[in-house]
Amino acid sequence: MSGPVDTPASSQGKPARRPRVFSGTQPTGALHLGNYLGAFRGYVAMQETHDCVYCVVDLHAITVRQPRAVLRRNTMDVANMFLACGVDPERSIVMVQSHVPQHSELAWILNTIAYMGELRRMTQFKDKTGGGEGESVGVGLFDYPVLMAADILLYGSDAVPVGEDQKQHVELTRDLAERFNNAFGKTFVVPEPVIPVDAARIMGLDDPTKKMSKSAGSEYNYIALTDPPDVIRRKIRRAVTDSGTEVRPGPDKPALTNLLTIYSALTREPVETIAERYVGKGYAEFKSDLGDVVVEALAPLQARVRELEADETYTLGVLKRGAELAESIAARTLAKVHERLGLVPRPR
Ligand code: TYM
């Protein structure tokens, strides 16, 4: 591995380690344009400046029941998609959460300092449980952000590339890190969320007031990263629009703002420049061009995914090495945590 991830600072002339990144994605269904623009592109970019750990968070995914075969397939799909988007396993660790048991163990330890009140306030928990008050709301769903904090803190992560929907969870992680450090002495790095300015929250195509989401009721909500060109074009054609005919962003134009955001994020052209080009033209022409932009942007990664799916030994090899490298870092953090808490080391 060039620029190995686990390079502690040393006094013997070795360079200090680069700042570290951790981020994760759940294997719970179709990966979509929101995941790509809000997160995966950031994963790839941050490899230039950071030592990165990218994780398929399967233990988070089991908070919502999926058939075994589906969970397996989704887990491989996320790993393949990380690689297809440009995560480079020569530079970054790519791993599956359940392969490194320290994630669960640190989550338990952090449970002992987390408060019911702060977890109850998590927007995602409230959204997923309709307020979280029911008798049969799962404990795993409630505790989900603590496992996420464990993921991040195990690797001494400085930065966490995520879409805006995960910001509150990263803030909770910061609070838990600081609380632990204050109680037991400096142990954890306090991480920062890194949220893309141009695509922090991609909205649903069928409802621009809600984020694009793999758990949306209709497939017309999202563009899956593996959708074929005709499906992409059809979904964009059917995307809801606003009243009027002008192609421009604005608070009165949530649907067009979202479509322009997608266009701009994919072409890196400012929204205003794009809007100027469509003065006097209608929604249909803009949507047709946007279809082309999306199809073209996704073509290379779709081709790569097909290659990876055809022979998964490559991805499995990446995950094997990823788990080994990740575990060596995670075990060291956990040993430090045990020591800080006063847990007796296992006799050797
Ligand atoms: P998940 O699996 O829902 O989403 C993966 C990433 O995609 C981003 N994202 C979006 N960004 C912009 N617009 C959207 N519509 C959109 N939808 C999803 C998410 O913000 C995320 O970055 N809890 C996390 C997984 C996780 C994690 C972690 C993340 C577990 N442990 C540690 C960071 C660090 C989640 O459910 O992401």
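Scroll up to find the structure.
What counts as what
- Residues numbered from 1 in each chain as written.
- Predicted model: local features only at pLDDT ≥ 70, side-chain atom pairs only at ≥ 80, totals over all residues.
- Heavy atoms only, no water.
- Helix = DSSP H or I, 4+ residues; strand = E, 2+ residues; numbered from the N terminus.
- Rg over C-alpha atoms; globule rule 2.2 N^0.38 Å.
- Buried < 20%, exposed > 50% of the residue type's maximum accessible area, 1.4 Å probe, protein only.
- Contact = heavy atoms within 4.5 Å.
- Areas by Shrake-Rupley, 256 points an atom, 1.4 Å probe, with all protein chains shown as cover.
- Lys, Arg positive; Asp, Glu negative; His and termini not counted.
- Charge placed at Lys NZ, Arg CZ, Asp CG, Glu CD.
- Core = buried A, V, L, I, M, F, W, Y, C linked by side-chain atoms within 4.5 Å.
- Domains from an automatic or database assignment.
- Near = heavy atom within 4 Å.
- Polar contact = N/O pair within 3.5 Å; in protein donor to acceptor, adjacent residues only side chain to side chain.
- Nonpolar A, V, L, I, M, F, W, Y, C, P; charged D, E, K, R; others polar.
- Axes fitted to C-alpha atoms, helices over the stretch in contact; angles between N-to-C directions.
- Parallel < 35°, antiparallel > 145°, perpendicular 65-115°, else oblique.
- Left-handed = near helix turned anticlockwise from the far one by under 90°.
- 1 Å grid on protein atoms, 1.4 Å probe; cavity = no way out; pocket = protein on both sides within 12 Å on 5 of 7 lines; lining within 4 Å.
- Points joined across faces, edges and corners; volume = space filled by probe spheres on them.
- Expected span 1.5 Å × (residues − 1).
- Bend = angle between axes of the 7 residues up to and from the residue.

(A) Summary view of the overall build of the protein. For the protein, the count of helices and strands is 13 helices and five strands. For 348 residues, the compact-globule estimate of 2.2 N^0.38 gives 20 Å, and the C-alpha radius of gyration of the protein, at 21 Å, lies within 12% of that figure. Principal-axis analysis of the C-alpha atoms places the extent of the protein at approximately 75 × 50 × 40 Å. Considering the protein as a whole, with its 348 residues, one finds that 49% of them fall into the buried category. Across the protein, every contact between residues at least 6 apart in sequence was considered, and the portion connecting residues at least 24 apart equals 75%. As displayed, the protein has an accessible area near 16,600 Å², and 54% of this comes from carbon and sulfur atoms. Across the protein, the mean location of the 42 positive side-chain charges is 3 Å away from that of the 44 negative side-chain charges.

(B) Examining the nonpolar core more closely. Leu 33, Phe 40, Phe 286 and Val 294 are the most contacted members of the largest nonpolar core, which totals 58 residues. Among the domains, domain 1 (20–200 + 311–341) and domain 2 (219–306) are the pair contributing at least three residues each to this core. With residues up to four places along the chain from it excluded, the contact list for Val 294 reads Leu 33, Ile 223, Ile 232, Ile 236, Ile 262 and Leu 266. With 42 residues, the next largest nonpolar core counts Phe 142, Val 162, Leu 176 and Ala 323 among its residues.

(C) Representation of the site of the ligand in the model. Among the 28 residues in the neighbourhood of the ligand, the closest are listed as Gln 26, Tyr 144, Asp 151, Asp 165 and Ile 202. A distance of 2.9 Å separates a nitrogen atom of the ligand from a polar atom in the side chain of Gln 166. Within the contact set of the ligand, a nitrogen atom lies 3.0 Å away from a backbone nitrogen or oxygen of Met 212. Compared with its free state, where it exposes 710 Å², the ligand has 97% of that area covered by protein. Among the secondary structure elements, those contributing two or more residues to the shell around the ligand are strand 1 (20–25), helix 1 (33–46) and helix 7 (139–154). Across the shell around the ligand, the residue classes break down as twelve nonpolar, eleven polar and five charged.

(D) Just the side chain of Glu 312, in detail. Relative to the elements of secondary structure, Glu 312 occurs in the loop between helix 12 (283–310) and helix 13 (313–341). In terms of polar contacts, Glu 312 uses its side chain to reach the side chain of Arg 73, at 2.9 Å. Polar side-chain contacts of Glu 312 include one of 3.0 Å to the side chain of Asn 80. If sequence neighbours within four positions are ignored, Glu 312 has contacts with Arg 73, Met 76 and Asn 80.

(E) Representation of the environment of Ala 239. Tracing the backbone through its elements, the reader meets Ala 239 in the loop between helix 9 (229–238) and helix 10 (254–267). Distance from Ala 239 to Asn 221, taken between C-alpha atoms, is 8.1 Å for residues 18 residues apart in sequence. For Ala 239, the residues in contact, after removing those within four places along its chain, are Leu 205, Leu 259 and Lys 287.

(F) View of the packing of helix 1 against helix 10. Between helix 1 and helix 10, the shortest axis-to-axis distance is 11 Å and the interhelical angle comes to 45°. Taken together, the axes of helix 1 and helix 10 lie oblique to each other. Relative to helix 10, helix 1 is oriented so that their crossing is left-handed. Taken together, the residues of helix 10 that come into contact with helix 1 (itself represented by Leu 33, Tyr 36, Leu 37 and Arg 41) are Ile 262, Ala 265 and Leu 266.

(G) Molecular detail of the packing of helix 3 (residues 68–85) against helix 13. For the pair helix 3 and helix 13, the least separation of the axes is 10 Å and the interaxial angle reads 90°. Looking at the two axes, helix 3 sits roughly perpendicular to helix 13. Contact residues: helix 3 offers Met 76, Ala 79, Asn 80 and Leu 83, while helix 13 offers Tyr 314, Thr 315, Leu 316, Val 318 and Leu 319. When its residues are assigned to classes, the contact of helix 3 with helix 13 shows seven nonpolar, two polar and no charged.

(H) Layout of empty space enclosed by the protein. Tallying each qualifying case throughout the model produces one cavity of 30 Å³ or more. What the largest cavity holds in volume is close to 60 Å³. Those elements giving two or more residues to the lining of the largest cavity turn out to be helix 6 (123–129) and helix 7. Its residues assigned to classes, the lining of the largest cavity shows five nonpolar, two polar and one charged.

(I) View of helix 7. The terminal C-alpha atoms of helix 7 lie 22 Å apart, and with 16 residues this matches the ideal 22 Å at 1.5 Å per residue to within 8%. Helix geometry: helix 7 is bent most strongly at Pro 145, by close to 40°. Most of helix 7 is tucked away, with 14 of its 16 residues classed as buried. Gly 156 sits one or two residues past helix 7 and shows a positive phi near 60°.

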